[in-house]
Amino acid sequence: MILLWGSNARETHPIFFHHVLKGIHNGAKLYVIDPRRTSSAQWADTWLGLDVGSDIYLANAMAREIINSGLENTKFIEHATSGFEAYREHVQKFTLERAECETGVPAAAIKQVAHAYAGAGRAQLCWTLGITEHHNAVDNVVALINLALLTGHVGRYGSGVCPLRGQNNVQGGGDMGAIPDRLPGFQHVENDELRGKFEKAWGTKIPATKGWHISHMLDAMERRELTTLYCLGENPADSEADRHRALKLLSGLEFMVVQDLFYTKTAELADVVLPASAGWCESEGTVTSSERRVQRVRAAVPMPTGVRDDTEIIFDLARRLGHNWGEPKAECIWNELRSLSPMNAGMSYARLEEHGGMQWPCYDEQHPGEMFLHGRLWHDPLIGPRAPFSVVESVDPVDALDPQFPIRLTTGRRLDSYNTGVQSGWLNSPLRHEEAIDLSPADCRQYNLHEGDKVRVTSRRGSVVAPVRFDSGLRPGLAFLTMHFPDQVATNDLTIDAVDPRSGTSEFKATAIRIEKCLEQ
Amino acid sequence: MKQTMPAPSQAAEQELAPTPLQPIPPGPVPQAPPPRERRMIGITIDGQPVSVPEGSTILEAARKIGIDTPTLCFLESLTPVNVCRVCVVEMEGSRTLVPACSRKVEPKMAIKTDSERVRLSRKMVLEFLASSVDVSTAPQFAGYMERYDAKPERFGRNADTVEQPIKIDNDLYVRDYSKCILCYKCVEACGVDAQNTFAIAVSGRGFSASIATEFQVPLPDSACVYCGNCIGVCPTGALMFKSEYDMRHAGTWDESRQQQTTTICPYCGVGCNLTVHEQDGEIVKVTSPLDHSVTHGNLCIKGRFGWQFVQIEPAEKQE
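Residues numbered from 1 in each chain as written. Chains lettered and ligands numbered in written order. Predicted model: local features only at pLDDT ≥ 70, side-chain atom pairs only at ≥ 80, totals over all residues.

Participant: It is not clear to me how the overall build of chain A should be interpreted in this structure. Could you clarify?
Facilitator: Along the backbone of chain A there are 20 helices and 21 strands. A globule of 521 residues ought to have a C-alpha radius of gyration of about 24 Å, and chain A, at 24 Å, matches this closely. Here the C-alpha coordinates of chain A stretch approximately 70 × 65 × 45 Å along the principal axes. Of all 521 residues assigned to chain A, the portion counted as buried reaches 50%. Nonlocal contacts in chain A, meaning residues at least 24 apart in sequence, comprise 68% of its contacts between residues at least 6 apart. (Helix = DSSP H or I, 4+ residues; strand = E, 2+ residues; numbered from the N terminus. Rg over C-alpha atoms; globule rule 2.2 N^0.38 Å. Buried ≥ 20, exposed ≤ 12 C-beta atoms within 10 Å, placed from the backbone. Contact = placed C-beta atoms within 7 Å.)

Participant: So what exactly am I meant to see when it comes to the pairing of strand 19 (residues 463-470) of chain A here?
Facilitator: Regular strands place side chains that alternate from one sheet face to the opposite one. Residue and element names in this part refer to chain A. Pairing between strand 17 (residues 437-439) and strand 19: 3 bridges, direction parallel. Residue pairing in the sheet places Asp438 in a bridge with Arg469 of strand 19. Judged from the 5 bridges that link them, strand 18 (residues 454-459) and strand 19 form a sheet pairing that is antiparallel. Paired with Lys454 across the strands is Pro467, a residue of strand 19. The hairpin formed by strand 18 and strand 19 contains 3 residues between the paired strands. (Pairing = 2+ DSSP bridges.)

Participant: What exactly am I supposed to notice about the sheet that holds strand 1 (residues 2-5) of chain A here?
Facilitator: Strand pairing in a sheet takes place through backbone hydrogen bonds and is either antiparallel or parallel in direction. All names here are of chain A. Sheet architecture is open: 5 strands sit in the order 3-2-1-5-6, paired in parallel fashion. In this open sheet, the two edge strands, each paired with only one partner strand, are strand 3 (46-48) and strand 6 (160-163). Neighbour to neighbour, the strand axes of the sheet diverge by 15 degrees on average, direction disregarded. Pairing geometry for strand 1 and strand 2 (residues 30-33), over 4 bridges, is parallel. Following the sheet pairing, Ile2 is matched in strand 2 by Leu30. Against the sheet, helix 7 (residues 107-119) makes contact with strand 1, strand 2 and strand 3, and its axis sits at roughly 120 degrees relative to strand 3, the strand it touches most. Strands strand 1, strand 5 (124-127) and strand 6 of the sheet are contacted by helix 9 (residues 137-151), whose axis makes an angle of about 175 degrees with strand 5. (Axes fitted to C-alpha atoms, helices over the stretch in contact; angles between N-to-C directions.)

Participant: It is not clear to me how the domain arrangement of chain A should be interpreted in this structure. Could you clarify?
Facilitator: Taken domain by domain, chain A consists of domain 1 (2-164), domain 2 (170-359) and domain 3 (407-517). For domain 1 of chain A versus domain 2 of chain A, the distance between C-alpha centres works out to 34 Å. (Domains from an automatic or database assignment.)

Participant: I'm lost on helix 3 (residues 55-68) of chain A in this one. Help?
Facilitator: Within an α-helix, residues lying three or four positions from one another point in the same direction, as the helix has 3.6 residues per turn. Residue and element names in this part refer to chain A. With 14 residues, helix 3 should cover 20 Å at 1.5 Å per step; its first-to-last C-alpha distance of 20 Å lies within 8% of that length. In terms of residue burial, helix 3 counts as a mostly covered element, since 12 of its 14 residues are buried. Within helix 3 the residues assigned to the buried category are Asp55, Ile56, Tyr57, Leu58, Ala59, Asn60, Ala61, Met62, Ala63, Arg64, Glu65 and Ile66. On the buried face of helix 3, the contacting elements are strand 2, helix 5 (84-91), helix 6 (96-103), helix 7, helix 8 (129-132) and helix 9. Positioned one or two residues after helix 3, Gly70 has a phi angle of 70 degrees, which is positive. (Expected span 1.5 Å × (residues − 1).)

Participant: Explain the interface of chain A and chain B here, please?
Facilitator: Accessible area lost upon the coming together of the parts serves often as the stated size of an interface. Contacts between the two partners involve 67 residues from chain A, matched on the other side by 63 residues from chain B. Elements with a contribution of two residues or more to the side of chain A that touches chain B: helix 2 (14-25), helix 10 (170-175), strand 8 (187-188), helix 16 (279-282) and strand 13 (293-297) of chain A. At 6 residues, the largest contribution of residues to the side of chain A that touches chain B is made by helix 2 of chain A. For the side of chain A that touches chain B, the class distribution of residues is 33 nonpolar, 24 polar and 10 charged. (Nonpolar A, V, L, I, M, F, W, Y, C, P; charged D, E, K, R; others polar.)

Participant: Mind showing me how you'd approach the packing of helix 3 of chain A against helix 6 of chain A here?
Facilitator: In a packed pair of helices, the relevant descriptors are the angle between the two axes and the axis-to-axis distance. Residues and elements named next belong to chain A. In contact at an axis separation of 10 Å, helix 3 and helix 6 are set at 165 degrees when each is read in the N-to-C sense. In terms of orientation, helix 3 lies roughly antiparallel with respect to helix 6. The element helix 3 and its partner helix 6 pack so that their crossing is left-handed. Along the contact surface, helix 3 presents Tyr57, Leu58, Ala61 and Glu65, while helix 6 presents Leu96, Ala99, Glu102 and Thr103. Classifying every residue of the contact of helix 3 with helix 6 by side-chain character gives 5 nonpolar, 1 polar and 2 charged. (Parallel < 35°, antiparallel > 145°, perpendicular 65-115°, else oblique. Left-handed = near helix turned anticlockwise from the far one by under 90°.)

Participant: Just to check I follow, could you spell out the confidence of the model for chain B for this structure?
Facilitator: Fine structural detail should not be taken from predicted coordinates in areas where pLDDT scores are low. Residue and element names in this part refer to chain B. Mean pLDDT over chain B stands at 92; residues scoring 70 or higher make up 93%. Confidence over residues 1-14 falls short of pLDDT 50; this stretch has 4 contacts with residues more than four positions distant or in other chains. What the predictor reports for the complex is a pTM of 0.95 with an ipTM of 0.95. (pLDDT = per-residue confidence, 0-100.)

Participant: What's the story with the nonpolar core in this structure? I'm lost.
Facilitator: Burial of nonpolar side chains together is a common tendency in soluble globular proteins. Formed by 157 residues in total, the largest nonpolar core has its most connected members in A:Leu58, A:Met62, A:Leu125, A:Leu144 and B:Cys186. Counting residues in each nonpolar core, the second largest holds 24 residues, with A:Leu409, A:Ala436, A:Leu474 and A:Leu478 among its members. (Core = buried A, V, L, I, M, F, W, Y, C linked by C-beta atoms within 7 Å.)

Participant: Explanation requested: helix 14 (residues 243-251) of chain A in the structure shown.
Facilitator: All names here are of chain A. Buried within helix 14 are the following residues: Arg243, Ala246, Leu249 and Leu250. Buried positions in helix 14, seen along its axis, are confined to an arc of 130 degrees and lie on one side of it. Buried positions along helix 14 lie against helix 12 (214-222), helix 13 (236-239), strand 10 (255-260) and helix 15 (265-268). (Arc of directions from axis to C-beta.)

Below you can see the structure in the form of structure tokens.
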């Protein structure tokens, strides 16, 4: 059984979805939970079209149904979890009937998916940004983890929880410590012993407290605490929610360096632009994929003149600052990482080559890597701490619907495009049409709109003009836009920067808008 | 005497909730369930005994002992469809020749892969195909024709062909059905074996059968999503990257000057392996290794075609 929650993998992770399709052809049931009836949902046995932001309600109602039907995995709960009693009590108020009202999903469908998930021999629960691009993203994630703990669908062959990562090395960025509270290998910066290990190896002091997420950085810019920015391979001038604010803050910096392949919107605001090579085909190194597989990237073509490898630029910068790190060599840098990050220790370049990539953790050169995590939870006696159930409340999206802003706008990707279009914009895709706002046919009738009509889309923060496209996968009251063509439709002029305080992610998935037909067509 | 704190009992330690400050201790290395045991089946091929697991094909058994069997419509990642008949072998007790690519081994089978009858059949298959189809860009054909002494020209200049105008209706790939041997691989890759898009099928019957979109509409009007997985499996060059087609047309395509480097796709987090084909410092096409556990040779539109951004002129980039 495969449960895809807030993910349109058919378009956003097409080759992962090939594996899902193999499962379907082998008899696996697919359930898709998504406000839109996406091209992934079209493959589902059952599609649960929930209202944007009601995921926790749905998850807790599923949990109640599983518990009250006696389908929870009592043995696993007793063996490996904590906090079950409080959780059981908490979910009792999430009845199927109330959940139907709160989520828009028929009670019978919630019951069906609950029984299918709990009753499956093996079940994968996969999610994407539909879960994490909310102001309560972490609550959303733990609500799903609760379900996996309740049914024991974790840490077993074929059963697990699986966030599908959106970028080729976003997992690797985390692995390498490019998150505010971690050093490489997810070692916490506030753990003195672990930090001490790095300080010793690097011969320098490391700040003992965690840093900022990008959204926290914007707040710090507002407070004038952050005045200088070095931005590598990111285009926040287009990609941040509530773009007007982001642009204002980035423009107000005292000094900004942008290191990128392209002269992006962000680069236009920079004091210094450092042209960088394309990491995936002009440089040597590694990336980590969604399945924790570390794989080699290799230079396949020479980089253009005037462009330098990211590591060369950083090494040179260090030299100018008085630190001679020698000559950058991808393998040497990787080996240094291996000496400091236990989960990568066994992954030599030779082994990565031999195995076609390896999945962390891989503790030594005899270790085969791990195809799934959390197997320790099934070990008798239990190894390590118990996995806690979390009591989470359902909270509505911050940008509330009201008569002024009656339509829920959600955002996402289309198959042939990627983020702000910096890379994919150069692909001459026959699938691509002018960026348009997708609306349900029923709403179009109500507003007397035809396909191609231009509408003004307004949120509490901004306003854009976009042509209309019908999408019968949208329910009335739901609209869809992408970030792919900020020059055509600057979607982030509309979105809200309500941020999850723990993950730092903005609520890109829930904007309240109104639409008005443009007088000039 | 020095006082020492009593060590917390193991049970008490386990009661503690995990904290991000402390690394989670390693557990046992996860194992996949052992594969179902398959009994070994012994057969003879060209007089040589060979033993392979039950469910293997004659082709797999032949390969195990180093017998090279020609194939056109077969690919490891696709379900065999037995249409090209170039892999046929003689099986003792069988009236007809059998396709090695799909026929499963049975105990005591006696197979001949190089008998007069097999050689004649393979030669005829190659001659029929090569007399009616343009096989000039099919990499395996020349070798097979030489090996079986195939002479397609013996059917004369008036032999019917499938020649037709090339279809160029988008910027990503071209379809030249004058080169199509109807091996069905593209249909399978577009269908249940990989992409599950079902944009193409075989239309028409007999000699006028051809691969087509619904009602022969141009690709941009069809269900095609431009994953290019059909190009990846095409054995004759009937389906070709537009980049390759243009270079061949201009006379600049030169595989001897090309290098292949396998790297990772720059887009989503699936980690698809991309084999970048480079010529004179430029990417000329992108494929994926058939034997990698992530892609099995398949890609999406972004992975296969989304590389232009690395080789646009600096002047263009500034715009």
